[in-house]
Amino acid sequence: MGHLSTHVLDTMNGCPAAGMRVTLEALDGNGGARTIKTLTLNSDGRNDGGPLLNAETMASGRYRLTFAVAAYFREKGVTLPEPAFLDDVPLEFGIADANGHYHVPLLVSPWAYSTYRGS
């Protein structure tokens, strides 16, 4: 059964990015986007409601997860320059197999991030 999940770790403070806002969008072939959901990560840096897409809502196509990085660090009391080096971090990715498990983790600080297809 296919599903999409995410997990964010704050590498500056060595903890899950609790409270970070994330938006999931479906992308069309014409440059348009449709918001599927907006969420706030829980104390473990994950979505409280389970998968972002589950077996019923998972479909092949292009997607974007946008992570509100600067807002998260400012809320944690980090003084950032204006404009911040990283503000919103958009990650665009494809789902080829709607029955597969797609996990999109983000490791992030105010100055760098990395991602990969997790398991």
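Residues numbered from 1 in each chain as written. Predicted model: local features only at pLDDT ≥ 70, side-chain atom pairs only at ≥ 80, totals over all residues. Heavy atoms only, no water.

Quick notes on the UniProt feature "domain: Transthyretin/hydroxyisourate hydrolase" (unreviewed entry) in the protein
With numbering matched to this structure, UniProt assigns "domain: Transthyretin/hydroxyisourate hydrolase" (unreviewed entry) to residues 4-118. Between the C-alpha atoms that bound residues 4-118 there is a distance of 10 Å. The span itself is 6% helix and 44% strand. (UniProt positions renumbered as here; feature names shortened; annotations may be inferred. Helix = DSSP H or I, 4+ residues; strand = E, 2+ residues; numbered from the N terminus.)

Some thoughts on the sheet that holds strand β1 (residues 3-10)
Pairing within the open sheet is mixed, and its 4 strands lie in the order β2-β1-β7-β8. The open sheet has two edge strands, β2 (15-16) and β8 (113-115), and neither has a second partner. Where β1 meets β2, 2 bridges bridge the pair, whose relative direction is antiparallel. Bridged to Leu 9 within β2 is Pro 16. (Pairing = 2+ DSSP bridges.)

Examining the environment of Phe 67
Its location among the elements puts Phe 67 in strand β5 (residues 61-68). A relative accessible area of 0% means that Phe 67 is categorised as buried. Taking the C-alpha atoms as reference points, Phe 67 and Glu 25, 42 residues apart in sequence, are found 12 Å from one another. Those residues in contact with Phe 67 that sit more than four places away from it in its chain are Thr 6, Val 8, Met 20, Arg 21, Val 22, Asp 87, Asp 88, Val 89, Leu 91 and Leu 106. (Buried < 20%, exposed > 50% of the residue type's maximum accessible area, 1.4 Å probe, protein only. Contact = heavy atoms within 4.5 Å.)

Some details on the nonpolar core
Most often, soluble globular proteins keep nonpolar side chains buried together rather than apart. Among the nonpolar cores identified, the biggest contains 31 residues, and Leu 4, Val 8, Met 20, Leu 65, Phe 67 and Val 69 are the most heavily contacted of them. Counting residues per element, the ones that place at least two in this core are β1, β3 (21-27), β5, α1 (69-75), β6 (88-95) and β7 (101-108). Contacts of Val 8, omitting those with residues within four sequence positions, involve Pro 16, Ala 17, Met 20, Leu 41, Gly 45, Phe 67, Leu 106 and Val 108. (Core = buried A, V, L, I, M, F, W, Y, C linked by side-chain atoms within 4.5 Å.)

As for the pairing of β7
Of all 8 residues making up β7, 6 are buried, and the element is well covered by its neighbours. When β1 meets β7, the two strands line up parallel, connected through 8 bridges. Looking at the pairing, Val 8 lines up with Leu 106 of β7. Sheet topology note: the β7/β8 ladder contains 3 bridges and is antiparallel. Looking at the pairing, Leu 106 lines up with Thr 115 of β8. Joining the antiparallel neighbours β7 and β8 is a turn of 4 residues.

With respect to the side chain of Thr 6
Turning to its location among the elements, Thr 6 is positioned in strand β1. Overall, the relative accessible area of 3% leaves Thr 6 in the buried class. Here the side chain of Thr 6 touches Val 104 through a polar contact of 2.5 Å, landing on its backbone oxygen. Filtering out sequence-adjacent residues up to four positions away, Thr 6 remains in contact with Gly 45, Arg 46, Leu 52, Leu 65, Phe 67, His 103 and Val 104. (Polar contact = N/O pair within 3.5 Å; in protein donor to acceptor, adjacent residues only side chain to side chain.)

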